[in-house]
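Residues per chain, in single letters:
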Amino acid sequence: MKKILVTGGLGFIGSHTVVELQNAGFEVVIIDDLSNTTLKVLDSITEITGKKPDFYQIDLRIKNDVKNFFDTNKVDGIIHFAAFKAVGESMQKPLDYYENNLSALVYLLQEMRDRKIDHFIFSSSCTVYGQADELPITEKAPVKKAESVYGNTKQIGEEIIEDASKAHGINAIALRYFNPIGAHESIKIGELPLGVPQNLIPFVTQTAAGIRKELSVFGDDYPTPDGTAVRDYIHVVDLAKAHIAALQRLINKKNKKSFEFFNVGTGTGSSVLEVIKAFEKASGKPLNYKIVGRREGDITAAYADTTIANKELNWKTEKTLDEALASAWQWQLKQ
Ligand code: WQD
């Protein structure tokens, strides 16, 4: 049985990916520093699949701890989620973001190089495209100067991986996520923002739950049908399954280059107001919101052209926006 290391495996996307890896017959070992999650997620994963992944609490910025892990754990591939991910925070703490998001990546790749470990899947983001000139966004769209430090760490991360894959024969795939939302059907794992949510959906569900007074809609003067910004909201379970598909592509040596990247979205854009309306329908709860000014750094619209990912990964989304919002609401009710 192949053993896969999942860094950040107790996080939102990481935990859902661990479940799908176990469902697909992989053995999983998780590294997480617990800076943005809790150990309870490990129990929840075990409750869902009946299999408890090995777990190590390691700070991947400590090179020696990374080395020691590989001295005692033989793995057949790595899915690397561990990173800081708050766009706004990244502008206040750029050096923390470069250190955590990039030095950890380099240390992992050095171990892969030295121990001849193959198969690396990287958590990237559509944010590398900035405001794309054409919609939907294909993989041919140019990578633009990142609008945030967070986005820059994803761009630089991809470049580091490409150089390492060429020089050392590490086969790697970067998945450029659009906007992951929702929760596993068991409602035992989901998005766990610590503090005030930065992302739309957790803020929506916390407002509906009465934890937040009202949702601020950041701008209704965008050149979109209803004036609010458009994004491609993908169910986190569909996103998790894309990682399994990417890993199988590498294991089965179907990749055409040593470094590839794919846009992982639904292919459909939804505006903030459309999401609010869909949430009210899915939850049966009217949402308290007000229109305010635009948020600095936001783009008008982003949604994926999924043609390449569907074909090359033999993967496509199966869940709808309504299902994702309903699961997000069910998850919120359990908090
Ligand atoms: C979505 C839309 C906001 C909050 C970022 C990163 C991306 C990924 C997801 C990490 C926008 C609007 C939001 C609110 C609002 N990062 N909004 N009121 O900015 O598209 O993507 O987070 O996983 O890489 O770039 O996601 O959820 O913050 O915003 O009106 O309180 O909702 O303006 O139009 P974003 P988001």
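Since we're looking at a predicted model, the values are computed, not measured.

Visitor: Even after reading the chapter, I still don't get the site of the ligand, so can you show me in this structure?
Guide: Neighbouring the ligand are 19 residues; Ser125, Leu200, Ser216, Arg231 and Asp298 lie closest to it. Contacts to the ligand include Leu200, whose backbone N or O atom sits 2.8 Å from an oxygen atom. Between an oxygen atom of the ligand and a side-chain N or O atom of Asp298, the distance comes to 2.6 Å. For the ligand, the protein covers 91% of the area, taking 690 Å² as the surface of the free molecule. Ranked by residue count, the leading element in the shell around the ligand is strand β8 (residues 215–218), at 4 residues. Of the residues that constitute the shell around the ligand, the class distribution is 9 nonpolar, 6 polar and 4 charged.

Visitor: I'm lost on the packing of aromatic side chains in this one. Help?
Guide: Applying the stated criterion across every chain yields a total of 5 aromatic pairs. Where Phe69 meets Phe70, the ring centres are 5.0 Å apart and the plane angle is 90°; that geometry is what we call edge-to-face. Neither residue differs from the other here; Phe69 and Phe70 are each classed as buried. The ring of Phe261 has Arg176 lying over it, and the distance from NZ or CZ to the ring centre is 3.8 Å. It is Arg294 that lies over the ring of Tyr222; its NZ or CZ is 4.0 Å from the centre.

Visitor: Please clarify how the packing of helix α5 (residues 94–115) against helix α6 (residues 149–168) should be interpreted in this entry.
Guide: Geometrically, a packed helix pair is captured by the angle between its two axes and the distance between the axes. Interaxial distance between α5 and α6 falls to 10 Å at its minimum, and their mutual angle equals 15°. Considering the angle they form, α5 stands roughly parallel to α6. For the element pair α5 and α6, the recorded crossing hand is right-handed. Seen from α5, the contacting residues are Pro94, Tyr97, Tyr98, Asn101, Leu102, Leu105, Val106, Leu109 and Arg113; seen from α6, they are Val149, Tyr150, Asn152, Thr153, Ile156, Gly157, Ile160, Ile161, Ala164 and His168. Residue classes in the contact of α5 with α6 are distributed as 13 nonpolar, 5 polar and 1 charged.

Visitor: How should the packing of helix α1 (residues 12–23) against helix α8 (residues 236–251) be read in this particular structure?
Guide: The geometry of α1 relative to α8 is characterised by a closest axis approach of 8 Å and an angle of 60° between their N-to-C directions. Between α1 and α8, the interaxial angle falls into the category oblique. Considering only the axes of α1 and α8, their crossing is right-handed. Packed against α1, whose contacting residues are Phe12, Ile13, His16, Thr17, Glu20 and Leu21, the element α8 presents Val236, Val237, Leu239, Ala240, Lys241, His243, Ile244 and Leu247 at the interface.

Visitor: Is there a simple way to explain the nonpolar core in this structure?
Guide: As a rule of thumb, nonpolar side chains are buried together in soluble globular proteins. If you look at the biggest cluster of nonpolar residues, it comprises 37 residues, and the most contacted ones within it are Leu21, Ile121, Leu175, Leu313 and Trp315. Residue assignment for this core shows that the elements contributing at least two residues are β1 (3–7), α1, β2 (27–32), α2 (40–49), β6 (172–177), α8 and β11 (259–264). Apart from the residues lying within four places of it in its own chain, the contact partners of Ile121 are Ile78, Ile79, His80, Ile173, Leu175, His243, Ala246, Leu247 and Leu250. Counting 26 residues, the second largest nonpolar core, distinct from the first, contains Ile31, Leu108, Ile117 and Ile170.

Visitor: What exactly am I supposed to notice about the UniProt feature "domain: NAD-dependent epimerase/dehydratase" (unreviewed entry) in the protein here?
Guide: The feature "domain: NAD-dependent epimerase/dehydratase" (unreviewed entry), as annotated in UniProt, sits at residues 4–257 in this numbering. Helix makes up 41% of residues 4–257 and strand 17%, with an end-to-end C-alpha separation of 21 Å.

Visitor: Just checking my understanding: could you explain unusual backbone geometry for this structure?
Guide: The phi angle of most residues is negative, glycine excepted, and most peptide bonds adopt the trans form. With an omega of -5°, the peptide bond running from Leu135 to Pro136 counts as cis. Relative to the assigned elements, Pro136 resides in the loop between β5 (120–125) and α6. Even without being a glycine, Leu34 presents a positive backbone phi close to 60°. Following the sequence through the fold, Leu34 ends up in the loop between β2 and α2.

Visitor: I keep staring at the pairing of strand β3 (residues 54–57) and nothing clicks. Help me out?
Guide: Two faces belong to every sheet, and in a regular strand the side chains alternate between them. Alignment of β2 against β3, held across 4 bridges, turns out to be parallel. For Val29, the partnering residue across the bridge sits in β3 and is Asp54. With α2 bridging β2 and its parallel neighbour β3, the resulting β-α-β unit is right-handed.

Visitor: Whenever I open this one, empty space enclosed by the protein confuses me. Can you help?
Guide: Think of a ball as big as a water molecule: rolled over the atoms, this probe shows where empty space is left. Using the criterion set out here, one finds 1 cavity of 30 Å³ or more in the structure. Empty space within the largest cavity amounts to approximately 50 Å³. Around the largest cavity, the lining residues are His80, Phe81, Ala82, Ala83, Asn101, Leu102, Phe122, Ser123, Thr153 and Lys154. Every element with two or more residues in the lining of the largest cavity is listed here: α5, β5 and α6. Looking at the lining of the largest cavity, its residues break down into 5 nonpolar, 4 polar and 1 charged.

About the cut-offs
Residues numbered from 1 in each chain as written. Predicted model: local features only at pLDDT ≥ 70, side-chain atom pairs only at ≥ 80, totals over all residues. Heavy atoms only, no water. Near = heavy atom within 4 Å. Polar contact = N/O pair within 3.5 Å; in protein donor to acceptor, adjacent residues only side chain to side chain. Areas by Shrake-Rupley, 256 points an atom, 1.4 Å probe, with all protein chains shown as cover. Helix = DSSP H or I, 4+ residues; strand = E, 2+ residues; numbered from the N terminus. Nonpolar A, V, L, I, M, F, W, Y, C, P; charged D, E, K, R; others polar. Phe/Tyr/Trp six-rings, centres within 6.5 Å; stacked < 30°, edge-to-face > 60°. Buried < 20%, exposed > 50% of the residue type's maximum accessible area, 1.4 Å probe, protein only. Lys NZ or Arg CZ within 6 Å of the ring centre and 35° of its normal. Axes fitted to C-alpha atoms, helices over the stretch in contact; angles between N-to-C directions. Parallel < 35°, antiparallel > 145°, perpendicular 65-115°, else oblique. Left-handed = near helix turned anticlockwise from the far one by under 90°. Contact = heavy atoms within 4.5 Å. Core = buried A, V, L, I, M, F, W, Y, C linked by side-chain atoms within 4.5 Å. UniProt positions renumbered as here; feature names shortened; annotations may be inferred. Pairing = 2+ DSSP bridges. Right-handed = clockwise from strand over helix to strand, strands pointing away. 1 Å grid on protein atoms, 1.4 Å probe; cavity = no way out; pocket = protein on both sides within 12 Å on 5 of 7 lines; lining within 4 Å. Points joined across faces, edges and corners; volume = space filled by probe spheres on them.

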